[in-house]
Every structure is written in structure tokens, then in C-alpha cells.
Protein chains: 2
Amino acid sequence: MKVGFVGLGIMGRPMALNLAAAGHSLVVYGKRSVPEDVRAAAATVVTSLAELARQSEVVILMVPDTQDVENALFSEDGIAAGLVPGKLVIDMSSISPIATKEIAKRVDALQCDFLDAPVSGGEVGAKTASLTIMVGGGAEAFQRAKPLLEKMGKNITLVGGNGDGQTTKVANQIIVGLTIEAVAEALLFASKAGADPARVREALMGGFAASRVLEVHGDRMVKRTFEPGFRIDLHHKDLGLALQGATSLGLSLPNTAATQQLFNAARAVGGGSWDHSGVVQVLEMLASHKLA
Amino acid sequence: MKVGFVGLGIMGRPMALNLAAAGHSLVVYGKRSVPEDVRAAAATVVTSLAELARQSEVVILMVPDTQDVENALFSEDGIAAGLVPGKLVIDMSSISPIATKEIAKRVDALQCDFLDAPVSGGEVGAKTASLTIMVGGGAEAFQRAKPLLEKMGKNITLVGGNGDGQTTKVANQIIVGLTIEAVAEALLFASKAGADPARVREALMGGFAASRVLEVHGDRMVKRTFEPGFRIDLHHKDLGLALQGATSLGLSLPNTAATQQLFNAARAVGGGSWDHSGVVQVLEMLASHKLA
């Protein structure tokens, strides 16, 4: 299949390479530099996004934020300018669920299919084609996209209509971020109370406190291994999407807000590129610092 | 073995009955009413705690709070007055880890062994002898207690010295409480954004958001089944222990504090006896109420 791929960063590059390795022809956008391995794997490098859309059956986006998706699609000479009826656009970026519903309507008006399909699993998941993919959109579009998604991920779920994929990703980031913070508070408490946090973590793994986060991120906190993994900068952005959503939708997310502020504090002390489990170091600073 | 059992409430009663069923002779304190089934199972009912200690090799406490443990042990004609060297005291209540270290020293000064051995697993775990038991104290005392503990629980860990059992229990309650709150924020966000929270929960179970809480309490939130389980009143008290500990130890637990306040709000609107997953209803009120 001819697949246009927009966004060749830490995530997009290995995802595009996995599609090429599976025999799909890549069309990539090359006004800026294209990574050498992608250039070698791609059938075509074009210098306009409209041209990329013209040459592709399916266009995949993997860009940083809501505004980047909107620009790539709808700016002058953007993807929408090259879409003809029947094409499929898959946005795998993690962006606003609310904006996504509007974007889907505009693509739908061009008689093209749109799926939101954000991922979790990070760079490792992207490289090993084992991403979790949370999809929103129509069932037919999902079936059409599935053979491509299966080359990039393993746990692929159609959650509901457009926007629901992004909503699920936001829900994921709320739970993961707040559970990491919970484990950090608990292990710091244990450590300051004089217990061995490693043994406390083990004792807790058998009961209701058990989670993937206690297993993986709790272990990182005990072993002090804070190289990413998933960077605090990115999780900070994702919780920002949750809080923007809360404002638009009219609801209150108190612990999401507090946790985003702790991520903010981590960035302030130079920890934006720590693994998100490194937020424990902010709580430790609050416990050990003395005012002058 | 002759076992004195103090505290025959929702938890203590089935725990004592399990010990009796395993062939141990119970000594219970009967100034106030003793449940009929315990009276029938007990070899002896005494009317003073000192007398209970005199007649028992091991004394087990299962009472509501720190002050209750201190009173039962050290008030006039309390347990300590009946302890002679070589006896073993096991406190299975959930109380302050810091106070526990002092209590252990006072029992130690009487040449008796002391273990803190709080439990999780609730009334069901107590009835089915499947409690998780987190133990602090000496290795010899632990070996001595183990045959008794095995009649009440399944997942039994010696975490460290005295106080470390209570510390582990507090850590457990922090993680469980804050993870429940995280799942509540995430599913409320999903629902208000128009997604089906049941499908969102399922999609998340495969990834890093997976936890026992998402499985059990997330399902309760979706199905709206808030009869306990574990009551908000009790979890509110347990997070209070965490926050008192944070004050004594000099550390900051921001999300524990916020979550305790949400439990407080639940109690304020008549939800003290809801299952702790019912805290989602407080967030829902904050999302749907309009100021007059």
C-alpha cells in the first residue's frame, strides 16, 4: 500500500521503518532533513504535504501536538489540499480529543476517512512494533487501517467514534502519571519511616496495591534508574491535554493538576528528560530541603 | 496454643473464629458483650485485660486506632499488667508506625516479644483466612507467630523491624487510595468526553495503566456498585495516619492530602460507608453541580 508518513521523530521514524519493512511503499515529506534510513526505505520523498497526500492511499501523522496536526492537515499546501474522496487519514499523535472531533469532521467533509489512533509503549514499543494503539473512528475505516496498525503495534482496540482514541490515551496518561506519583509518595514515606522500600514494594505486589507501575516504575525508584523510558516533558504535556479537556468539558481533576505541577517542578530543576518515575526526586527534595 | 484475642469487631471476630477452628484455645475479654459464636468457641471469657494476658501465651490485638492499642496495653489493669517475660504480643490493628516503635520498646522492656502485623483484604479476607499480613519485628518472634498468622492469612511477609509492618500498611493504603482516585479521574474524563468508560477501561487493562484497582474498583465505578468492600470512613482514617506520619517525619504527600480531602467530602455528603471506589461520585458532583 502507498502510505504517506508525516512526522519522522523518535516515534515516527521506527514506525515508518516497520511499515517499509513489511513491504509498504513509503511517501515521506522532505522539505526538512529526512533520516538516512527512512530515505533509503522510502519509495518517494516529496517537498509538499499536498503532494504527499496526492501520492498516498493512506496518510499517517505522528507529530508533537494538536497545533502540529492542524497545521499539517489544513495549512496552505497541506495534506487536505491533496486529499481526494476515499483516502484514509490516521492521526497517531497524542493530541486533544476535543480538537480531534473537529478535525475528523473537516476530513469527513472531504469524503475521506479519519481515525485517531494514539499509541502508548514509547520508543521501545515503536521499534519492536509492540505499541498499544487506542483507536477512535468508524468500524470500516478501522478494518481498512488494521493491516497497517498491526505492523506497528500489538494491542489494538477500536474504543468508539472519533475522539475516543485520544480520550482513552488521555485517560491512560492520567492513570499512569497519578499511579507513579502514588508509588513515589508511598515509597518515600516507607523510606523516611525507616523501612526498606525494596522490601515494602515486594510485600505490596501481592495485594490491592499491585500494578504495572509498582512493578516497573517502583523498581526504577528503588534502583534509582531514571534515564527514559518516557520523559517527564512528554507526560507533562499529556497531563496538560487532560487539564485543557477538563476546562472545556467542565470537570475537576485535582490530582491530575497537582501531579502536572510536580512534573513542572521536575522540569524546573532540570529533570524534564528524566523518566517519569523520576518525579520521586521532586518529593525527596521537598522532604530534605531546609529553608535558609 | 492459648491465644488471648482483644477486639472482636468486623475483622477480629472472624479472625478469632478461624484460630479457634484450627484448635487454638481462645481467651477473650468480656466486660462488654462477646459475640455468641466467639463465646461458644472460646475456652475462657475474662473480665480484665491483665487477666487475659495472664492466661495466654500469645495476645493478639485487633482494635480501631493507635489510642485503642495504647489503652488496651498500658491502662490500669491492661494487658501489660498481666505480661510475664517470654510472652508474645501481636498487634494486627492498623495504627501509627511511629507510635508502634514506642509501643514495641515498652513491651520489649517487659521481656516480651512484640510484632506489628496489620492486614489488608477486608472482611472477606478475614472470613476466608486469606488476609495479606505485613509484619514488623524480630525474626524469631515472626517464626513463633507464623503458625497463628497462617490460620488468618495467606500472603504473610516479614518486612523488617518493629514499625515496618505498619509502615507497609500505610504505603499500601496510599497507593490503593491514590490509584482509586486516579482511575476515578480518568473514567470521569472519558465519560464526560463522550467515550464509553467500560470500553476505555478494557482498552487500558492491556498497558501500563493496568492495576488490580483498575480491574476491581474501575469495574465498580462502571457498574455503579458502591456497597463495601472497604469503607471510605476507614480509608479516610488510614490516609490520616499517612499524613500524621508525614508531619512527624518531615515530608510532603500532596496527593495523599488531596485524596483524603475527597474522602472527607464523600463523608460530608453521606458517603462514609460507601466502598472507597465511591469517591468517583464526589468528582461527579464537582462536575455536574452548578452554583445558584
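Residues numbered from 1 in each chain as written. Chains lettered and ligands numbered in written order. Predicted model: local features only at pLDDT ≥ 70, side-chain atom pairs only at ≥ 80, totals over all residues. Heavy atoms only, no water.

Per an unreviewed UniProt entry, chain A goes by 2-hydroxy-3-oxopropionate reductase and derives from Ramlibacter aurantiacus. Regarding chain A, the UniProt comment filed under Sequence similarities (unreviewed entry) reads as follows: "Belongs to the HIBADH-related family." (UniProt positions renumbered as here; feature names shortened; annotations may be inferred.)

Chemist: What should I look at first to understand the overall build of chain A in this one?
Modeler: Summing up its helical and strand segments, chain A has 14 helices and 9 strands in all. Its C-alpha atoms put chain A at 65 × 45 × 40 Å along the principal axes. Looking at chain A as a whole, 58% of its 292 residues qualify as buried. For chain A, restricting intrachain contacts to residue pairs at least 6 apart in sequence, the fraction spanning at least 24 positions comes to 65%. Of the roughly 11100 Å² that chain A leaves accessible, carbon and sulfur atoms contribute 50%. A gap of 3 Å separates the mean positions of the 27 positive and 29 negative side-chain charges of chain A. (Helix = DSSP H or I, 4+ residues; strand = E, 2+ residues; numbered from the N terminus. Buried < 20%, exposed > 50% of the residue type's maximum accessible area, 1.4 Å probe, protein only. Contact = heavy atoms within 4.5 Å. Areas by Shrake-Rupley, 256 points an atom, 1.4 Å probe, with all protein chains shown as cover. Lys, Arg positive; Asp, Glu negative; His and termini not counted. Charge placed at Lys NZ, Arg CZ, Asp CG, Glu CD.)

Chemist: Honestly, the packing of helix H9 (residues 164-192) of chain B against helix H12 (residues 232-249) of chain B in this entry has me stumped. Any pointers?
Modeler: In a pair of packed helices, the angle between the axes and the distance between the axes together describe the arrangement. All names here are of chain B. Close contact between H9 and H12 brings their axes to 9 Å; oriented N to C, the two are set at 120°. Taken as axis vectors, H9 and H12 run oblique relative to one another. In terms of crossing hand, the pair formed by H9 and H12 is left-handed. When H9 is examined against H12, the residues Lys169, Val170, Gln173, Ile174, Val176 and Gly177 are found in contact with a partner set consisting of His235, Asp238, Leu239, Leu241 and Ala242. Within the contact of H9 with H12, the residues separate by chemical class into 6 nonpolar, 3 polar and 2 charged. (Axes fitted to C-alpha atoms, helices over the stretch in contact; angles between N-to-C directions. Parallel < 35°, antiparallel > 145°, perpendicular 65-115°, else oblique. Left-handed = near helix turned anticlockwise from the far one by under 90°. Nonpolar A, V, L, I, M, F, W, Y, C, P; charged D, E, K, R; others polar.)

Chemist: Explain the pattern of salt bridges to me, please; I cannot follow it from the model alone.
Modeler: A pair can form between side chains of opposite charge whenever their charged atoms are brought close. All names here are of chain A. Applying the stated criterion to the full structure yields 22 salt bridges over all chains. Across the pair Asp37 and Arg13 runs a salt bridge whose closest N-O atoms are separated by 2.6 Å. With a gap of 24 residues between them, Asp37 in helix H2 (residues 36-41) and Arg13 in helix H1 (residues 12-21) connect regions that are remote in the sequence. Residue classification places Arg13 among the partly exposed residues on the basis of a relative accessible area of 33%. (Salt bridge = Lys/Arg side-chain N within 4 Å of Asp/Glu carboxyl O.)

Chemist: Could you clarify how one ought to interpret the interface of chain A and chain B in this entry?
Modeler: Where the parts come together, the accessible area they lose is often given as the size of the interface. Contacts between the two partners involve 62 residues from chain A, matched on the other side by 62 residues from chain B. Counting the surface lost from both chain A and chain B, the interface buries some 5200 Å², and carbon and sulfur atoms represent 68% of this. Taken as a group, Ile175(A), Phe189(A) and Phe208(A) account for 16% of the area that chain A buries against chain B, more than any other trio of residues on that side. At the junction of chain A with chain B, the criterion picks out 0 salt bridges. Counting across the interface, chain A meets chain B through 16 residue pairs in polar contact (both at pLDDT 80 or more). For the side of chain A that touches chain B, the secondary-structure elements that each account for two or more residues are helix H6 (97-108), strand E9 (153-160), helix H9 (164-192), helix H10 (197-204), helix H11 (212-223), helix H12 (232-249), helix H13 (254-268) and helix H14 (280-288) of chain A. Element by element, the count of residues in the side of chain A that touches chain B is highest for H9(A), at 20 residues. (Buried area = accessible area lost by both parts, 1.4 Å probe. Polar contact = N/O pair within 3.5 Å; in protein donor to acceptor, adjacent residues only side chain to side chain.)

Chemist: Honestly, the side chain of Thr167(B) in this entry has me stumped. Any pointers?
Modeler: Mapped onto the secondary structure, Thr167(B) falls in helix H9. Those residues in contact with Thr167(B) that lie beyond four places of it in its chain are Phe189(A), Ala190(A), Ala193(A), Ala195(A) and Pro97(B).

Chemist: Would you mind showing me how to read the environment of Ser96(A) here?
Modeler: All names here are of chain A. Within the element layout of this structure, Ser96 appears in the loop between strand E5 (88-91) and H6. Distance in space between the C-alpha atoms of Ser96 and Ser56 is 26 Å, their sequence separation being 40 residues. Those residues in contact with Ser96, other than ones at most four positions away along the chain, are Thr66, Gln166 and Leu241.

Chemist: Would you mind showing me how to read helix H13 (residues 254-268) of chain B here?
Modeler: In an α-helix, one turn spans 3.6 residues; hence positions three or four apart end up facing the same way. The terminal C-alpha atoms of H13(B) lie 21 Å apart, and with 15 residues this matches the ideal 21 Å at 1.5 Å per residue to within 8%. Among all positions in H13(B), only Asn255(B), Thr256(B), Thr259(B), Gln260(B), Leu262(B), Phe263(B) and Ala266(B) are buried. Seen from one end, H13(B) has its buried residues packed into an arc of 155°, which puts them on one side. Looking at the packing, one finds that the buried side of H13(B) touches H9 and H13 of chain A together with H9, H12 and helix H14 (280-288) of chain B. Backbone geometry just downstream of H13(B) places Gly270(B) in the positive-phi region, at approximately 90°. (Expected span 1.5 Å × (residues − 1). Arc of directions from axis to C-beta.)

Chemist: Would you mind going over the confidence of the model for chain A with me for this structure?
Modeler: If pLDDT is low for a region, its predicted coordinates should not be looked at in detail. Predicted confidence across chain A gives a mean pLDDT of 95, with 98% of residues reaching 70 or more. Across the assembled chains, the prediction reports ipTM 0.94 with pTM 0.94. (pLDDT = per-residue confidence, 0-100.)

Chemist: For this particular structure, what's the right way to read the pairing of strand E9 (residues 153-160) of chain B?
Modeler: Put simply, side chains in a regular strand alternate between the two faces of the sheet. Residue and element names in this part refer to chain B. Bridge analysis of strand E8 (residues 131-136) against E9 gives 6 bridges, and the strand direction is parallel. Following the sheet pairing, Val135 is matched in E9 by Leu158. Read as a crossover between parallel neighbours, the route from E8 over helix H8 (residues 139-149) to E9 is right-handed. (Pairing = 2+ DSSP bridges. Right-handed = clockwise from strand over helix to strand, strands pointing away.)

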